[in-house]
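Tertiary structure, described
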Amino acid sequence: MPLFRKASSDTPEVDFEHLPRHVAIIMDGNGRWAKKRGLPRTAGHAAGAETFRTIATYAKEIGLEYLTVYAFSTENWKRPEDEVAAIMKLLKKYLLEAIEQMERDRVKMAFFGDLTPLHPELRDLCRQTQEISKRYEGCQVNICLNYGGRDEITRAVRELAAECVREGRDPASITEQDISDRLFSAGVPDPDLIIRPSGEVRTSNFLLWQSAYSEYYFTDVLWPDFSKEELLRSIADFQRRSRRYGGV
Ligand code: FPP
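Residues numbered from 1 in each chain as written. Predicted model: local features only at pLDDT ≥ 70, side-chain atom pairs only at ≥ 80, totals over all residues. Heavy atoms only, no water.

**Focus: the packing of helix α3 (residues 81-100) against helix α5 (residues 120-133)**
For the pair α3 and α5, the least separation of the axes is 10 Å and the interaxial angle reads 35°. Judged by the twist between their axes, the crossing of α3 over α5 is left-handed. Of α5, the residues touching α3 (which contributes M88, L91, K92, L95, L96 and I99) are E121, L122, L125, C126, Q128, T129 and I132. A class-by-class count of the residues in the contact of α3 with α5 yields nine nonpolar, two polar and two charged. (Axes fitted to C-alpha atoms, helices over the stretch in contact; angles between N-to-C directions. Helix = DSSP H or I, 4+ residues; strand = E, 2+ residues; numbered from the N terminus. Left-handed = near helix turned anticlockwise from the far one by under 90°. Contact = heavy atoms within 4.5 Å. Nonpolar A, V, L, I, M, F, W, Y, C, P; charged D, E, K, R; others polar.)

Structure below.
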């Protein structure tokens, strides 16, 4: 991979030797994309799933180590039943294909979130995908499914509190690392860059603990229109920033 590459005339130069290790994306704007075209919202999610495929493949190609996407939040259950069912169906389709092509793609997959309320078939597919792909090295794609940042932190705190009661552990001994180790993301480095398309400028309960020092990139592009070029643009923007982690 060349050090600098111009992907297209309007794409800024990216230093491929110093990519962010971990990029996370809030895949937002599917509904508006569909509405603009007079299509049902579910068509927007189908288009969004295609974009996810393209971006996940490209992430691996350029050498990103971790890609985390927000596919379904703990709050998304409030959506109409047919929309929830359509998203679950898309996930099932994606996982079935992923399992079929696993030897070729060699992408490690993991799931962040409580999978218990999912349909048993989907839950098994998630477990199977994670299990089969765990031997792959290179790019790891994390799919946040029934995920909420507050829920994730609450579970970690509950676990630690139980440890204190059960084992008589001193609560004063609890460290930040103890919390990190009990999150769905345990062992995965914090995201360097978090991308939110669709013009919304909020975190929506996504990776609350892990994003303490993440750089955010917001764009008006709707997720189904998000492209490889847009990903490179966000990375180039990230590379121009100076990260001080509270220092000077
Ligand atoms: C947010 O857009 C999107 C979601 C809640 C669902 C995302 C799901 C997919 C992209 C498909 C399945 C995923 C995979 C990994 C195969 P929105 O509906 O809130 O859009 P809006 O704000 O324009 O209404």
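**Examining the packing of aromatic side chains**
The final tally for this structure, using the stated rule, is nine aromatic pairs. In textbook terms, an aromatic cluster arises when at least three aromatic residues are bridged by ring pairs, as seen for Y70, Y147, F184 and F206. (Phe/Tyr/Trp six-rings, centres within 6.5 Å; stacked < 30°, edge-to-face > 60°.)

**Considering the layout of surface pockets**
Of the voids in this model, the largest pocket is the one considered here, and its volume is about 630 Å³. For the lining of the largest pocket, the secondary structure elements donating two or more residues are α1 (30-36), α2 (41-62), β4 (66-73) and α3. Computed from the structure, the second largest pocket encloses a volume of approximately 310 Å³. Lining the second largest pocket are 15 residues, and of these T57, Y94, Q101, D105 and V107 sit closest to its centre. It is α2 that contributes the most residues to the lining of the second largest pocket, four residues altogether. (1 Å grid on protein atoms, 1.4 Å probe; cavity = no way out; pocket = protein on both sides within 12 Å on 5 of 7 lines; lining within 4 Å. Points joined across faces, edges and corners; volume = space filled by probe spheres on them.)

**What to know about the sheet that holds strand β8 (residues 215-218)**
In a beta sheet, neighbouring strands pair by backbone hydrogen bonds and run either parallel or antiparallel. Judged by pairing direction, the sheet is parallel, and its six strands sit side by side in the order β5-β6-β4-β3-β7-β8 without closing on themselves. At either margin of the open sheet sits one strand with a lone partner, and together these are β5 (108-112) and β8. Strand-to-strand twist in this sheet, taken as the mean axis angle between neighbours without regard to direction, amounts to 20°. Across the sheet, α2 touches β3 (22-26), β4 and β6 (140-147), and the angle it forms with β4 is around 160°. (Pairing = 2+ DSSP bridges.)

**Overview of the site of the ligand**
Neighbouring the ligand are 17 residues, the closest being G31, R32, R41, H45 and R79. A distance of 3.3 Å separates an oxygen atom of the ligand from a polar backbone atom of G29. Here the ligand has 630 Å² of accessible area as a free molecule, and 92% of this is covered by the chains. Under a 2 Å grid-point criterion requiring more than half of the atoms, the pocket assigned to the ligand is the largest pocket. Sorting the residues of the shell around the ligand by element identifies α1, α2 and α3 as the ones contributing at least two each. At five residues, α2 tops the list of elements feeding residues into the shell around the ligand. Tallied by class, the residues present in the shell around the ligand amount to seven nonpolar, six polar and four charged. (Near = heavy atom within 4 Å. Polar contact = N/O pair within 3.5 Å; in protein donor to acceptor, adjacent residues only side chain to side chain. Areas by Shrake-Rupley, 256 points an atom, 1.4 Å probe, with all protein chains shown as cover. Sits in = over half its atoms within 2 Å of the grid points.)

**Here we look at α2**
With 22 residues, α2 extends 31 Å between its outermost C-alpha atoms, agreeing within 8% with the 32 Å of an ideal straight helix rising 1.5 Å per residue. The positive-phi residue at the C-terminal boundary of α2 is G63, with phi of around 95°. (Expected span 1.5 Å × (residues − 1).)

**Some points on the packing of α2 against α3**
Relative to each other, α2 and α3 sit at 25°, their axes nearing to 10 Å. With respect to each other, α2 and α3 are oriented roughly parallel. Crossing angle aside, the handedness with which α2 passes α3 is right-handed. The segment α2 lies against α3, with R41, T42, H45, A46, A49, F52 and R53 engaging D82, E83, A86, I87, L90, K93, Y94 and E97. Looking at the contact of α2 with α3 residue by residue, the classes come out as seven nonpolar, two polar and six charged. (Parallel < 35°, antiparallel > 145°, perpendicular 65-115°, else oblique.)

**Notes on the pattern of salt bridges**
A complete count under the given rule lists 28 salt bridges for this structure. D28 is the partner of R196 in a salt bridge, and the nearest nitrogen-oxygen pair spans 2.9 Å. With a gap of 168 residues between them, R196 in strand β7 (residues 193-196) and D28 in the loop between β3 and α1 connect regions that are remote in the sequence. For the pair R196 and D28, a shared accessibility class is recorded, and that class is buried. Between R155 and D151 there is a salt bridge, with its nearest N and O atoms 2.9 Å apart. Here R155 and its partner D151 are both found in helix α6 (residues 149-167), four residues apart, which amounts to about one turn of the helix. Shared partners join several salt bridges into a network, and the residues in it are D28, R32, R196, E200 and R202. (Salt bridge = Lys/Arg side-chain N within 4 Å of Asp/Glu carboxyl O. Buried < 20%, exposed > 50% of the residue type's maximum accessible area, 1.4 Å probe, protein only.)

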